[in-house]
Amino acid sequence: MTLTGIAEFIASFFGLPGSSSVWIVAVLAAAILLGFMLLTVLILIYVLRKLLGKIQARLGPTRTGPKGIFQTAADALKLLIKEDTIPVKADRRVFIVAPILVFVPAYLVYVVVPFGEGNHFIAKDLNIGLLYIVAVSSINVIGVVLAGWASENKYSLLGGMRSAAQLISYEVPQALAVLGPVMLAESLSMQDIVKAQGEGLFSWFIFRSLPLLGFIVFLVASMAEINHVPFDLPEGESELVAGFNVEYSGMRFAFFMLAEFAASFTICAIAATLFLGGWHSPIRGFLDNGWWTVFWFFLKSSALVCLLMWIRATYPRVRVDQLMEFGWKLMIPLALFNVLVVGLYVALGKGG
Amino acid sequence: MDWHTCSFYVLSVMILGSALMVVSLRNIVHCALFLAFTFMGVAGVFALLHAEFLAAVQVLIYVGAITVLILFAVMLTQKTIGISLKQTNRLAPLAVLSAVTFLCMIAVIALNTTFPTSGQHTVAVSTQTIGSAILGNGSYVVPFEVASILLLAAMVGAIVIARGQDN
Amino acid sequence: MGPQHPSTHGVLRVILKLDGEWIVEAHPDIGYLHRSFEKMGELRTYTNGLPLTDRWDYLCAMTNNLVYSMAVEQLLEVEVPERAQYLRVIVCELNRIASHLVFIGTYGLDLGAQTPFLYCFRDRERILHIFEEICGARLTYSYIYPGGVSGDALPGWLEKVDAFLDYLPPMMREIDQLLTGNEIFILRTRNIGLISPEQAIDWSLSGPMLRASNVNFDLRKESPYQVYDRLDFSVAVAEQGDCLARYHVRVAEIGESIKMVKQCLAQIPDGPTRAKLPKTIKPPAGEVYARVDTPRGELGVYMISDGTDKPYRQKIRGPAFVNLSILSELLPGWKIADAVSILGSIDVVMGEVDR
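Residues numbered from 1 in each chain as written. Chains lettered and ligands numbered in written order. Predicted model: local features only at pLDDT ≥ 70, side-chain atom pairs only at ≥ 80, totals over all residues. Heavy atoms only, no water.

Let's talk about the environment of Trp56 of chain C
Residues and elements named next belong to chain C.
Next up, step 1: For Trp56, the position within the fold is in the loop between helix H2 (50-54) and helix H3 (61-76).
Next up, step 2: With a relative accessible area of 0%, Trp56 lands in the buried category.
Next up, step 3: Each C-alpha atom of the pair Trp56 and Leu324 lies 15 Å from the other, and the pair is 268 residues apart in sequence.
Next up, step 4: Beyond its immediate chain neighbours, meaning those up to four positions away, Trp56 contacts Arg35, Phe37, Asn64, Val67, Leu299, Val301, Gln314, Ile316, Gly351 and Glu352. (Helix = DSSP H or I, 4+ residues; strand = E, 2+ residues; numbered from the N terminus. Buried < 20%, exposed > 50% of the residue type's maximum accessible area, 1.4 Å probe, protein only. Contact = heavy atoms within 4.5 Å.)

Structural notes on the interface of chain A and chain C
Next up, step 1: Each side of the interface is counted separately: chain A has 21 residues, and chain C has 26 residues.
Next up, step 2: Interface area, chain A with chain C, both sides summed: about 2,200 Å², of which 58% is carbon and sulfur.
Next up, step 3: Seen at the junction of chain A and chain C, the total is two salt bridges.
Next up, step 4: With a closest N to O distance of 2.8 Å, Lys335 of chain C and Asp321 of chain A form a salt bridge.
Next up, step 5: Scanning the region where chain A abuts chain C turns up seven residue pairs in polar contact (both at pLDDT 80 or more).
Next up, step 6: Contributions of two or more residues to the side of chain A that touches chain C are made by helix H2 (21-55), helix H11 (291-314) and helix H12 (320-349) of chain A.
Next up, step 7: Residue contributions to the side of chain A that touches chain C peak at three residues, all from H11 of chain A. (Buried area = accessible area lost by both parts, 1.4 Å probe. Salt bridge = Lys/Arg side-chain N within 4 Å of Asp/Glu carboxyl O. Polar contact = N/O pair within 3.5 Å; in protein donor to acceptor, adjacent residues only side chain to side chain.)

Describing the pattern of salt bridges
All names here are of chain C.
Next up, step 1: Enumeration according to the criterion identifies 36 salt bridges over all chains in this entry.
Next up, step 2: Across the pair Glu174 and Arg122 runs a salt bridge, and its minimum N-O distance is 3.9 Å. With a gap of 52 residues between them, Glu174 in helix H6 (residues 157-179) and Arg122 in helix H5 (residues 115-135) connect regions that are remote in the sequence.
Next up, step 3: Linking Asp347 and Arg296 is a salt bridge whose minimum nitrogen-to-oxygen distance equals 3.4 Å. Of this pair, Asp347 sits in the loop between helix H14 (336-346) and helix H15 (350-354) while Arg296 sits in the loop between strand E5 (286-294) and strand E6 (297-305), and the two are 51 residues apart along the sequence.
Next up, step 4: Using a relative accessible area of 1% as the deciding quantity, one classes Arg296 as buried.
Next up, step 5: Via salt bridges that share partners, Glu93, Arg96, Arg211, Asp218, Arg220, Glu253 and Asp293 belong to a single interconnected network.

Quick notes on the packing of aromatic side chains
Residue and element names in this part refer to chain C.
Next up, step 1: The full count for this structure, using the stated rule, is 27 aromatic pairs over all chains.
Next up, step 2: Measuring from centroid to centroid gives 5.3 Å for Phe103 and Tyr107, while their planes differ by 20°, and the two rings are stacked. One end of the pair, Phe103, and the other, Tyr107, are both in helix H4 (residues 82-110), four residues apart, so they sit about a helical turn from each other. For the pair shown, Phe103 and Tyr107 are each scored as buried.
Next up, step 3: An angle of 70° between the planes, with centres 5.0 Å apart, marks the rings of Tyr225 and Tyr228 as edge-to-face. For the pair Tyr225 and Tyr228, a shared accessibility class is recorded, and that class is buried. (Phe/Tyr/Trp six-rings, centres within 6.5 Å; stacked < 30°, edge-to-face > 60°.)

A few points about the nonpolar core
Generally speaking, a soluble globular protein has its nonpolar side chains buried in company with each other.
Next up, step 1: With 119 residues, the main nonpolar core has Leu130 and Leu146 of chain A as its most contacted residues.
Next up, step 2: No other element matches the 15 residues that helix H10 (residues 250-275) of chain A contributes to this core.
Next up, step 3: Here Leu130 of chain A is in contact with Val178, Val182, Leu188, Met190, Ile193 and Leu274 of chain A, once residues within four sequence places are set aside.
Next up, step 4: Counting residues in hydrophobic clusters, the runner-up holds 111 residues, among them Met1, Met62, Ile127 and Ile134 of chain C. (Core = buried A, V, L, I, M, F, W, Y, C linked by side-chain atoms within 4.5 Å.)

Describing the arrangement of the chains
Next up, step 1: For this structure, the chain pair with the highest number of contacts among two pairs of chains in contact is chains A and C.
Next up, step 2: Considering only C-alpha positions, the minimal separation of the non-contacting chain B and chain C is 12 Å.

Some remarks on the domain arrangement of chain A
Residue and element names in this part refer to chain A.
Next up, step 1: The domain architecture assigned to chain A consists of domain 1 (33-81) and domain 2 (82-347).
Next up, step 2: Across the contact, 18 residues belong to domain 1 and 25 residues belong to domain 2.
Next up, step 3: Across the interface of domain 1 and domain 2, roughly 2,000 Å² is buried in total on both sides, 87% from carbon and sulfur atoms.
Next up, step 4: Of all residues in domain 1, Leu33, Met37 and Leu79 give up the largest surface area on contact with domain 2, accounting jointly for 31% of the area buried on that side.
Next up, step 5: For the pair domain 1 and domain 2, the number of links is zero salt bridges.
Next up, step 6: Here domain 1 and domain 2 share four residue pairs in polar contact (both at pLDDT 80 or more) between them.
Next up, step 7: Sorting the residues of the side of domain 1 that touches domain 2 by element identifies H2 and helix H3 (71-80) as the ones contributing at least two each.
Next up, step 8: Among the residues forming the side of domain 1 that touches domain 2, the class breakdown is 16 nonpolar, one polar and one charged. (Domains from an automatic or database assignment. Nonpolar A, V, L, I, M, F, W, Y, C, P; charged D, E, K, R; others polar.)

Here we look at the interface of chain B and chain A
Next up, step 1: The interface is formed by 23 residues belonging to chain B together with 27 residues belonging to chain A.
Next up, step 2: At the boundary of chain B with chain A, total buried surface from both sides reaches about 2,200 Å², with 82% on carbon and sulfur atoms.
Next up, step 3: On the chain B side of the contact with chain A, Trp3, Phe72 and Met75 of chain B bury the most area, a combined 25% of that side's loss.
Next up, step 4: Here chain B and chain A share zero salt bridges between them.
Next up, step 5: Inspection of the region where chain B meets chain A yields zero residue pairs in polar contact (both at pLDDT 80 or more).
Next up, step 6: For the side of chain B that touches chain A, the secondary structure elements donating two or more residues are helix H1 (3-24), helix H2 (28-48) and helix H3 (52-76) of chain B.
Next up, step 7: Ranked by the residues each element gives to the side of chain B that touches chain A, the list is headed by H3 of chain B, at 14 residues.
Next up, step 8: Its residues assigned to classes, the side of chain B that touches chain A comprises 16 nonpolar, six polar and one charged.

A short note on the confidence of the model for chain B
Residues and elements named next belong to chain B.
Next up, step 1: Averaged over every residue, the pLDDT of chain B is 84; residues scoring 70 or more account for 87%.
Next up, step 2: Averaged over each element, pLDDT in chain B is lowest for helix H5 (residues 127-135) (80) and highest for H2 (91).
Next up, step 3: Interface predicted TM-score (ipTM) for the complex: 0.82; the corresponding pTM is 0.84. (pLDDT = per-residue confidence, 0-100.)

Written out as structure tokens, the structure is:
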């Protein structure tokens, strides 16, 4: 009952050539990933509000359904039935395309996320998996700039460009931080990286060579990449300059929010894969096969997501120039230092 | 016709169509957007040729960085936004004529030449081979380093210019 | 910027002239909340005019009541019973704590920290509950009347205040941890919006804004009123004159207020809570200026009586109004993102600015 089997059945049912089953598998996998992504966002938004409520000495959603579990559905419904306004002077086509350009990269990254062991828990284990992630995330920036521009609003243009500057600045430390695990695993493929961390808790890359540095740099840079607090100046009630998505309402705005929440899960998943051993259990060989790997994967990703939410509740916002200073003057040197140290570790360890 | 050829044709249409849009549309931001589509098409062609490293890097650099650069340049220049640009002038028919002539010449030459092809089908160039080629023994390390220095010089120059006189 | 803006603390409009990121000129445009209190005060008797005073600076209504009552008492030259004076000081200092809690919460919220806001309001709820028990209202009290206070504390109220004062310091430590030591908070407030002592005095600033610029001036020490001269407290002063200093001063003032209320609770005598005043208050003709120290600064009422039962003129010197005037000198030279930081640190309440 694998995807390939289903695909072949569908191919023969519709009388399509046998080679088309590859394409049908791809379509099915894409649909499953989309469903998973939407489900994740649904759950994440609810968890965020409840968790924030608990930290802030209040209850969070309680009315919509038992314990407020239908809150996200209610929000989604509200956004769907809102009037879809497009500013009169705005460039219609670009206005409509921009949210897509932000949403699609967030969705595309799910293709290489290893949910579990083996080839049936990952959509496609590309041999350049990590590079693919970095490349696809960089398409985000165009969407943001276009969203700011298409709104025909001086302030949202400024906000969009500022946000774009933030995004491209933090791509560098993110990519550099990712190099550590690549060097330790000697491969860009996500499953290979996970397999290289298979020997129990202390073989996880977070503990090898320079403990924690790469992990922290990656997490902080990724938080800046997805406009997460404390780097959410482009979208927090930005003091004077409006964010790039200020003119968007209804479902178009929902695209941006969807992309952000989906991305927050993705970076936690990637951080878990790169640094926390992916789908391996902490004890070697214990509950380390089949569907248990999916469990470990989700456990680690969820822990990181909760960490991110915790940070969201605690910290104020960084000012934009402080943010840029922080990125260029602190993050990049740290990331480079990390690459150096890991490189030395690998080189010396290989009998060099 | 197998999927390989079919994909190639689809991608070619995408590339050529987008490129045509880039030079003929009146709104400069639309042109920049179609440029991004062209780049993505090229990345697709790289992927078809089993050069996936190159495909990813193409997306990362051309779509992710160069397009943004062009968009920034367009948006920071006051007079180009919202203006309907005239992409052609009186010399347009002459230009089209010379371009088509050139194209025909090249096509005739290309179709009548027998290019020496290697015996293998396509070489899968993995990331490791590229890495060894750039940084391994007796390879392109010197040009690589020189290119980095050039980029560094460009970056420093840009920062110096951007800081302005008063600093 | 404004008047509808999440960070302007009410309906304040600031017209900014910008050069890229930098603010070149700033003009506060006020008046959106003007309700003609001064004129309305002339049309009401002295007793009826008291509920109006709650609405000047609605975050510390007790001190508004106090200054008005003090003015009337000075005109009448009447002595307020001791128990009333102690009760007045207790509620005024509690109100100071509540107002500063709002400041801390909203300042953090302006800068993006969502959690301290909720903690501060949770603690402020307790104060409002205490107030509700003594006068029946949570925000607009009309508790301090000319001649005393409107009602004595019910048995057990003083113990509740005491319990609250024991509850608060650990909560303040929690809030402290979230904001005061927070790197990002410090980054956004240190060396921002500097006011030199000379500037502060020139612009007639008062309250925490003045004390944060290294000027040790507190009305409660300089010209003590009610029973402040019997209380032992220190004035919170900070040196740098930046936003962080103003924040620190207000946090320290909460600590001092806790000390003061504790001393009041220990010293409070029994006795009447209201002096005997005629039914219609007709003070002899004269003029008087009464001033108190509110959480925003020096609040003053200049009252002219012409012998009738309505004041001839009631002029309100609102501290937030005077403090806000420095905005046009303070903002230029800083970035847009700092405008919110600076505006938040002035701690304006538009009700008092516009009256």
